[in-house]
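Next come the chains, spelled out residue by residue.
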Amino acid sequence: MSIFSRLFSSKITVDALKKALKNKEFVFYYQPEFNLKTGEILGVEALMRWESNKRGIVPPNEFIPVLEQSGLINDFTEFLLKQTLSDLRKIHDAGFKNTKLAVNLSVVQLKETNIVDKIQDALQSAYINSTFLECEITESKGIDRELLDSDVFKRLQDLNVSISIDDFGTGYSSFDYLRTLNIKKLKIDQDFVQGIFENPKNQTLLSSMIQLGHDLGFPVLAEGIETTEQKNWLEEHGCDMGQGYWFSRPLPLDQLLDFMQKKSKKD
Ligand code: C2E
Ligand code: CA
Ligand code: CA
């Protein structure tokens, strides 16, 4: 769909999203996460798309805010967990038994009263051990006191589900929860990565974030790697993991499996 038809297509309504959910028009693409040193795929991140007959492929930033404002996101969470974990089962069954799955959960989703039960149910239905699931939360989208004081993080920890901080470096109050939450990974926002060679301050900030992560005992992943130069700089500066178009774009499940199979033959 051209940018012009997208611009002129009608506003996304709650009704349209309800229909899309019923008609199973939401799909997940998966983007691999790599060990920067060895090139091994450590996990995949689920990124949602709306494949709409009328609008073409709609990216998540356009419809997730509508899902959240309308409360429809709660119906959605169960679908997201069931679908992505059943896809992870297929990835494991294809022979990639150590692959982890990262899902993006917004603050609204983490505040759902039965979120931990939903996670537990979906893990059980797909026969996936909880240590394979990682929840990515975005610091800039308001990890607030109410959430920190709730028992959701403790329950996730008891369940052995990991928490990673997404878009690290873009929020304001991160030190408090870096101390209190049992975080397993920092994902540095792609703006820093893409600006590595444009502004020397990005290099200072990237080095400091990598150091901070390591001092606190977390592995650090750089998002949005698009060039060999960016990848090499990050590897040389001790970054543990990478993700981005240089390695692979987000792919539908069948293409992801093809990609993983071809890669494992080459390695
Ligand atoms: P995010 O979690 O930070 O995901 C990374 C975004 O960067 C994705 O956009 C991905 O396609 C894109 N990307 C990956 N590598 C590169 C690269 O090398 N260069 C560039 N320019 N972009 C790259 P996408 O899929 O449009 O997702 C946007 C945001 O929507 C995500 O940001 C995440 O916050 C949110 N999102 C996606 N799926 C879900 C979901 O299932 N639930 C929730 N709550 N949010 C989601
Ligand atoms: Ca993410
Ligand atoms: Ca991110």
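Once a new chain begins, its residue numbering starts again from 1 and follows that chain's sequence as written. A letter from A marks each chain and a number from 1 marks each ligand, given out in the order of writing. Note on the predicted model: pLDDT of at least 70 is required for a residue's local features to be given, and 80 or more for side-chain atom pairs to be given and counted; whole-chain, interface and lining totals, by contrast, use all residues. Hydrogens and water are ignored here; the side-chain numbers use all heavy atoms of the structure.

Q: Give a detailed account of the overall build of the protein, specifying residues and quantitative values.
A: In terms of helices and strands, the protein carries 13 helices and 10 strands. For a compact globule of 267 residues, the expected C-alpha radius of gyration is about 18 Å, and the protein comes in at 19 Å, within 12% of that figure. Buried residues in the protein amount to 49% of all 267 residues. The long-range share in the protein, meaning contacts at least 24 apart out of those at least 6 apart in sequence, stands at 68%. Accessible surface, the protein as shown: approximately 13700 Å² in total, 50% of it carbon and sulfur. Charge assignment: positive for Lys and Arg, negative for Asp and Glu; neither His nor the chain ends contribute. Charge positions come from single atoms, namely NZ of Lys, CZ of Arg, CG of Asp or CD of Glu. Averaging the locations of the 32 positively and 39 negatively charged side chains of the protein gives two centres separated by 5 Å. Only DSSP runs of H or I covering at least 4 residues are called helices, and only runs of E covering at least 2 are called strands; the numbering of each starts at the N terminus. For a compact globule the rule gives 2.2 Å times the number of residues to the power 0.38, and the radius of gyration it is set against comes from C-alpha atoms. Relative accessibility decides the category of a residue: with a 1.4 Å probe and only protein chains considered, values under 20% of the type maximum give buried, values over 50% give exposed, and everything between is partly exposed. Contacts are assigned to residue pairs that have any heavy atoms within 4.5 Å of one another. Reported accessibility uses the Shrake-Rupley method at a 1.4 Å probe radius. Residues are deemed covered only where the shown protein chains occlude them.

Q: Break down the site of ligand 1 for me, citing the residues and quoting the values.
A: Around ligand 1, a shell composed of 25 residues is seen, among which Arg49, Asp166, Gln190, Glu226 and Tyr245 lie nearest. A distance of 2.8 Å separates an oxygen atom of ligand 1 from a polar side-chain atom of Arg49. In the analysis that follows, any N or O atom pair within 3.5 Å is treated as a polar contact, provided that within protein one partner can donate a hydrogen and the other can accept it, and provided that, for residues neighboring in sequence, both atoms belong to side chains. Here Asp167 contributes a side-chain N or O atom positioned 3.3 Å from an oxygen atom of ligand 1. Taken by itself ligand 1 offers 800 Å² of open surface, and the protein chains cover 86% of this. The set of elements that each furnish at least two residues to the shell around ligand 1 consists of strand E1 (26-35), strand E2 (41-52), helix H3 (60-70), strand E6 (162-168) and helix H10 (190-194). Take the shell around ligand 1: its biggest share by element is 4 residues, from E2. The near set for a molecule or strand comprises every residue that places at least one heavy atom within 4 Å of it.

Q: Before we move on, can you summarise the coordination of the calcium ion (ligand 3) with the specific residues and values?
A: Here the coordinating atoms are restricted to nitrogen, oxygen and sulfur within 2.8 Å of the metal centre, or 3.2 Å for Na, K and Ca, and because water is not among them the sites may look incomplete. Taken together, Asp166 (OD), Asp167 (OD), Glu223 (OE) and Glu223 (OE) make up the full set of protein donors to the calcium ion (ligand 3), lying 2.2 to 2.5 Å away. In the primary structure, the donors to the calcium ion (ligand 3) are separated according to the pattern D-D-x55-E. A separation of 4.1 Å is found between the calcium ion (ligand 3) and the calcium ion (ligand 2), which share Asp166 as a coordinating residue. Remark: Glu223 occurs in the loop between strand E8 (220-222) and helix H12 (228-236) and Asp166 occurs in strand E6; sequence separation between them is 57 residues. Exposure class is identical for Asp166 and Glu223. Each is buried.

Q: Account for the packing of aromatic side chains, with residues named and values stated.
A: Any two of the Phe, Tyr and Trp rings considered here, Trp counted by its six-membered ring, make a pair once their centres fall within 6.5 Å; the pair's planes then place it as stacked at under 30 degrees, edge-to-face at over 60, or tilted in between. All told, the structure shown has 9 aromatic pairs when counted by the stated rule. Seen in terms of ring centroids, Phe26 and Phe63 are 5.2 Å apart; in terms of plane orientation they differ by 45°. Their pairing is tilted. Of this pair, Phe26 sits in strand E1 while Phe63 is found in helix H3, placing the two residues 37 residues apart along the sequence. Given a relative accessible area of 4%, Phe26 falls into the buried group. One aromatic cluster in this structure is built from Phe26, Phe28, Trp50, Phe63, Phe76 and Phe79. A ring is considered to have a charge above it if a Lys NZ or an Arg CZ atom is located within 6 Å of its centre and within 35 degrees of its normal. For Arg49, the ring lying beneath its charged end belongs to Tyr29, and the centroid distance is 5.3 Å. Over the ring of Tyr245 we find Arg249, and its NZ or CZ is 3.8 Å from the ring centre.

Q: Summarise the coordination of the calcium ion (ligand 2); cite the residues concerned and give the values.
A: For a metal bound by four donors in tetrahedral geometry, the ideal donor-metal-donor angle is 109.5 degrees, whereas six donors in octahedral geometry ideally sit at 90 or 180 degrees. Protein coordination at the calcium ion (ligand 2): the donors are Glu45 (OE), Asn104 (OD1), Glu136 (OE) and Asp166 (OD), at 2.2 to 2.3 Å from the metal. For the calcium ion (ligand 2), all donor residues lie on one chain, and their spacing in sequence is E-x58-N-x31-E-x29-D.

Q: Describe the side chain of Arg55, with residues and values.
A: You can see Arg55 is positioned in the loop between E2 and strand E3 (56-58). Whenever a carboxyl oxygen of Asp or Glu lies within 4 Å of a side-chain nitrogen of Lys or Arg, that contact is scored as a salt bridge. Salt bridges are absent for the buried Arg55, whose nearest opposite-charge side chain, Glu62, sits at 6.7 Å. Side-chain polar atoms of Arg55 contact the backbone oxygen of Lys11, separated by 3.4 Å.

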